[in-house]
Every structure is written in C-alpha cells, then in structure tokens.
Amino acid sequence: MATVRVLIGEKHIKEAVAMASSGDIPNGSTHIYSDERTQGLRLLVQKNTASWAVKYKGKTVTIGWAYPEGRRPLKTATAAREMVPLIKGFLDEDPAQIEPFLVAKYAGRDNKQALEDMRPVVTTWTLQQCADAMVEARTKKTAQSPLRKASVDEIHRTLRRPEMKELINIPAALLKRGEVEKVRDKIEAASGISAAKKCVSNIRSIMNYCCEYKSGESGLDHKDMWWELLKTDSKILARTRTPSILDIVKTLQLAAHYLDRPLPGRADGKHGLRDNVHAAFWWLVLTAQRTTAGLALRKVDFYPDPRDPDYYLAAWDEGVTKNKKTHVLPIPKRAVEHMLPLIEAAQDHGSKWAFPSERGSEDHDICISRTAVRQFIVRLQGRDPLMKGKDGARDLLAEAGVLHWTPHDLRRSITSVMDDAGIPGGASAVLAHEIKLSEHLGEDALTEAQREEWAANRMAKITKLAYGGGTFLKLKKSAMTIWTDAVLDAWEALEATEDMRNAA
C-alpha cells in the first residue's frame, strides 16, 4: 500500500483513473492520494476502482467514485472536499444518516438540497406493515369497526398495484403528500379514476387507523395528519352501458363454445374458460348481483324453498353485501334447473362455495375471484396480455355485433327489462338489500356432528327472514321470473338458430 500526500487535482484524478482502468494494480493493493488541503479526504486506487473516501476517527466512509462511470460519480476534488465536513458531522452525530444523505445527493441534489430531502433512518412501520396491522386488527371477531372481506380484498389490490411499489416499503412516518399524489396520478392514468379514488381512500384509512391506535409502532401522530388532505380532482362519470338480452346470451354462447377449446391467439393453448368461471358467468347473468357478493355464495345457502316448490332461496350474510345487510333472493325453478349442472361441474376439493376458486384447497377454501368473469369478457375481445398483438387474436365480441360490457352492467339491463314489464320496483327488489339481520348468519366453529343440525337451523332462519318481508319476496319472485325467463328464452332461441344453421 503506497500513500502519497498531495494537493489532489485534475492531474492526480486522471492518474488514478488510468491506474484503476489498466488493471495493473495487484489484487489487494491500494494506492492512496491523501489530500493536503482537507484532512481525512483520500482518493483510493485499487484494481478496477478509484474511490473517494473520508477517514475520520478510525472510520473510513466511501463518498463517491472517480472510476468506474456507472457508480456514484464524484469527478472533482472540489466536490469531494465540500462533502467532507458533512460526512464528519454525521460520523459524530449519527452515522446511520450517511447513506440517506448519499442517496439524496446522487439523486441530483446539491449538498444543501440533499440534507433537506434525505429521509432519516427510522425503525417504525412501513406503509405495508401499517396496512397489515390494520387488516389483522379489524378482521378479528372483537373488532369495533370490522372490515368486510370485499374491503380487505380492495386494500390488498391497492397495495399490489405496480405503482404502489414506490411507497409500500417506506416508513409511513416518512411519507410525503406529494409522493402519494404522484402515485395516485399514475394509478389514474393506468387504471382509471375509480382505482385512484380507492387508492386515496385506502391510504387514508390505513394512516388514520395507525395514527389512532398504533402511534408508537407507526410513528404517526395527530400533529400532522396530512393524509386527510389527500383527494382526487376527477369524478367518475355515470356508466350508461346497458347490454341487451341478445348481447348477453351471445356472450354466453361464446363462453360455452370456448369451454373446451382455446381462444384465438391465446399463446398458452389453454381452454377459453374454466367450468367454475362458466358457472359464475351464468349465475351473475341470472341474478344480476354485484360480483363480489354474488359469487360468495355458500352451497348451504342455496336450497329449495320449503314454502314454495317452484323456487330455491339464495342468501348472503350481512358481512358480504355492500351495505352490510343480509340479502335473500328467490331463484325460479327453471333457472335453478339450468344452474345446478353448471354448479356441479364447477366443484373441486370439497369446497363449501358454489363457485370455488381453482386456486383454493381444503386448507385454503376460497370462492372464485370477482374479476374472473370480467377478465373472460376482456379475453373475448383479444385484449388479454397473452393475446394482445398476437397473430390470430380476434375481437370475438365485435364479430358477434356485441359492444363491450361488464357484469355490473347487468344491473341496468334488469332495470330496463323490469321497466318494460311494467314493474319498475322489481329491479329494486332484486338489487336492493332491504332485509336487516339482528342475529348474524355466520358459521361458528362446528364439529361434524353439529354441522347437519346447524345447516337445518340456518335454512330455517333464512326462510323466516325471506318471508318476514312478504310483499318484497312476492315482488322479487315476479321480477326474477320475468328476468330469468327472458334470458333463458333468448338463450334457447339462439341455440335453436345455431342448431338449424349447423344442420344446414
């Protein structure tokens, strides 16, 4: 190791770079230029590197590189000298702050700006940890303000967005309003206004919870609740898409066609949709329920109406529906006969769900994703990432003369059909969740011996709830019969036309 004490200048920097780049310095050897003007500043030359360092009180800190180009570039002795007193100050007060300063410095700031913008090193919870803590606490049975499953899913969906990678691992106490607003805008550009609004709402909820209940762990307090000022300046325009019944059954016909064959342009060669998605698709069409609640149907909650042999009853717990009220829907016998084989074909791993997810298992039993049907419609249009721009990809909906629609649009379709039938209140009866439940229908931990008795009691309770609002149930039955008959009549007519075409 050779040390030369000089007033480091451009000449010495060029020498150092030449020595480092030549590779002539033996491994393990270091040539040192020690600066005469600034005590502790050194230019260290080793094989393939020439780095600036500050030696102070027995510690050596690398502050930049003259070589190679790709690392933190520090090209002049003057710039290196200006950093020395700052580094010594950090070594005196808090060495952990050196790296945050260097990160800010080499992000394009001058020394003053780097000091202002650097993030202090803290050990409080990151935004992800804050979210996990809130979800864990608010999904307990004892939670004062419990989260619904749909809300938990929405929080997780927000945090998984690629734009959120910039924020989730930053300590919540160090987040800045401007940073969150930038991410909000990126989400709006990529996924729309609704996704941006949910991002803002979820971050506010997470920060508020931890500020109120986990201040010590999160580092948040009431002195600066800047997140309460987060907003979006865009509004969601009312959707007007109202697919006709013919459009709906044409889409269902495409679904049936691609049950056992791949979609055009699909690179992986898999069938267009799975049995569980096919069953879920038909269920959403026949019931016009919101996807999250509609697909979270347990098999035990879909059974013959003991008071009316022409109907089944389908029920959803208050924890599943959007307005937290239990919903009971009568399903006409004709629709039931159409659905039961589809539900049977969708079954897997002994699931308790009518529409189980193929990602579930006995140990992790989950229902199908709320996005599964919508994503299939996207694939029909050739817009799936595995199909977009690929040879052979086609917009099958457009070829069938059908405009894009989503399962949520069915709620406007049923309203239109009810209006035409002269019972405008019918759609509200089917779509609204007006029955309140004083005693939750939820399933407690049961032994096998108790399960049969529990199921019988549960059915009795659902039936009592349904008939407790008699006029509403009667209206629901009329509305559901009109709607499902209209869909199935159109389906059978379309299938008959297809059969005639094939026969010809």
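Parameters and conventions
Residues numbered from 1 in each chain as written. Predicted model: local features only at pLDDT ≥ 70, side-chain atom pairs only at ≥ 80, totals over all residues. Heavy atoms only, no water. Helix = DSSP H or I, 4+ residues; strand = E, 2+ residues; numbered from the N terminus. Buried < 20%, exposed > 50% of the residue type's maximum accessible area, 1.4 Å probe, protein only. Areas by Shrake-Rupley, 256 points an atom, 1.4 Å probe, with all protein chains shown as cover. Core = buried A, V, L, I, M, F, W, Y, C linked by side-chain atoms within 4.5 Å. Contact = heavy atoms within 4.5 Å. Phe/Tyr/Trp six-rings, centres within 6.5 Å; stacked < 30°, edge-to-face > 60°. Pairing = 2+ DSSP bridges. Expected span 1.5 Å × (residues − 1). Axes fitted to C-alpha atoms, helices over the stretch in contact; angles between N-to-C directions. Salt bridge = Lys/Arg side-chain N within 4 Å of Asp/Glu carboxyl O. pLDDT = per-residue confidence, 0-100.

**Brief notes about the overall build of the protein**
Right, so step 1: When helices and strands are tallied, the protein shows 19 helices and eight strands.
Right, so step 2: Burial statistics for the protein: of 504 residues in total, 46% are counted as buried.
Right, so step 3: In the form shown here, the protein has an accessible surface area of approximately 25900 Å², with 51% of it arising from carbon and sulfur atoms.

**Digging into the environment of G265**
Right, so step 1: Within the secondary structure, G265 is located in the loop between α10 (245-257) and α11 (275-287).
Right, so step 2: Counting along the chain gives 127 residues from G265 to G392, while the straight-line C-alpha distance between them is 4.4 Å.

**What to know about the nonpolar core**
Right, so step 1: Residues F281, W282, W283, F302, I331 and F355 are the most contacted members of the largest nonpolar core, which totals 60 residues.
Right, so step 2: Top element by residues in this core is α11. It accounts for nine residues.
Right, so step 3: W283 has contacts with A288, G294, L295, L297, F302, A314, W316, I331, M339 and F355, leaving out every residue within four places of it along the chain.
Right, so step 4: Core analysis: the next-biggest nonpolar cluster, separate from the first, contains 32 residues, I170, L175, Y209 and L220 among them.

**Notes on the packing of aromatic side chains**
Right, so step 1: By the definition in use, this model includes ten aromatic pairs.
Right, so step 2: Ring geometry for Y209 versus Y213: centroids 5.0 Å apart, planes at 40°, classification tilted. Note that Y209 and Y213 are positioned in helix α8 (residues 193-213) at a spacing of four residues, about one turn of the helix.
Right, so step 3: An angle of 40° between the planes, with centres 5.9 Å apart, marks the rings of F281 and W405 as tilted. Of this pair, F281 sits in helix α11 while W405 sits in the loop between α15 (396-399) and α16 (410-420), and the two are 124 residues apart along the sequence.
Right, so step 4: Among the residues examined, W405 registers a relative accessible area of 1% and is labelled buried.
Right, so step 5: Among the aromatic residues, those joined into a cluster by ring pairs are W283, F302, Y312, W316 and F355.

**Considerations on helix α14 (residues 372-380)**
Right, so step 1: With seven of nine residues buried, α14 lies mostly within the body of the structure.
Right, so step 2: Of all the positions in α14, only A372, V373, F376, I377, V378, R379 and L380 are classed as buried.
Right, so step 3: Of the surrounding secondary structure, the elements contacted by the buried residues of α14 are α10, α11 and α15.
Right, so step 4: One or two residues past the end of α14 sits G382, with phi positive at roughly 70°.

**Here's the deal with the pairing of strand β8 (residues 327-332)**
Right, so step 1: Of all six residues in β8, six are buried; the element is thus mostly enclosed.
Right, so step 2: Bridge count between strand β7 (residues 311-316) and β8: six bridges; the pairing is antiparallel. Looking at β8, one finds that A315 is bridged to V328.

**Quick notes on the pairing of β7**
Each regular strand carries side chains that alternate between the two faces of the sheet.
Right, so step 1: A large share of β7 lies buried, amounting to six of its six residues.
Right, so step 2: What you see with β7 is no split at all: Y311, L313 and A315 on one side and Y312, A314 and W316 on the other are buried throughout.
Right, so step 3: Summarising the sheet, strand β6 (residues 302-304) and β7 pair through three bridges and their orientation is antiparallel. The residue of β7 that forms the bridge with F302 is A314.

**Overview of α10**
Right, so step 1: For α10, spanning 13 residues, the distance from its first C-alpha to its last is 18 Å, which sits close to the expected 18 Å at 1.5 Å a residue.
Right, so step 2: Taken as a whole, α10 has its buried residues at I245, D247, I248, V249, T251, L252, Q253, L254 and A255.

**Notes on the sheet that holds strand β5 (residues 59-67)**
Right, so step 1: Strand order in the open sheet formed by five strands is β1-β2-β3-β4-β5, with mixed pairing between adjacent strands. Two strands bound the open sheet, and with one partner strand each, they are β1 (2-6) and β5. Going across the sheet, the axis of each strand differs from the next one's by a mean of 25°, ignoring polarity.
Right, so step 2: Where strand β4 (residues 49-56) and β5 come together, seven bridges link them in antiparallel fashion. Bridge pairing links Y56 to K59 in β5.
Right, so step 3: Packed onto the sheet, helix α2 (residues 77-93) meets β2 (31-35), β3 (41-46), β4 and β5 and runs at close to 45° relative to β4.

**Quick word on the pattern of salt bridges**
Right, so step 1: For the structure on display, the rule yields 22 salt bridges.
Right, so step 2: In this structure, the salt-bridge partner of D153 is K149, at a minimum N-O distance of 2.9 Å. Within this pair, D153 and its partner K149 are both found in helix α6 (residues 149-160), separated by four residues, close to a single helical turn.
Right, so step 3: Residues K477 and D305 are paired through a salt bridge, measuring 3.8 Å at the closest nitrogen-oxygen approach. Highlighted residues: K477 in helix α19 (residues 470-503) and D305 in the loop between β6 and β7, separated in sequence by 172 residues. For the pair shown, K477 and D305 are each scored as buried.
Right, so step 4: One continuous salt-bridge network, built from bridges that share partners, spans R334, D485, D489 and E492.

**Topic: the confidence of the model for the protein**
Right, so step 1: Mean pLDDT for the protein: 86, with 86% of residues reaching 70 or above.
Right, so step 2: In the model, residues 433-445 has pLDDT below 50 throughout and makes 39 contacts with residues more than four positions away in sequence or in other chains.

**Focus on the environment of P385**
Right, so step 1: Within the fold, P385 resides in the loop between α14 and α15.
Right, so step 2: Residue P385 is classed as exposed on the basis of its relative accessible area, which comes to 71%.
Right, so step 3: Spatially, the C-alpha atom of P385 lies 9.3 Å from that of R266, the residues being 119 residues apart in sequence.

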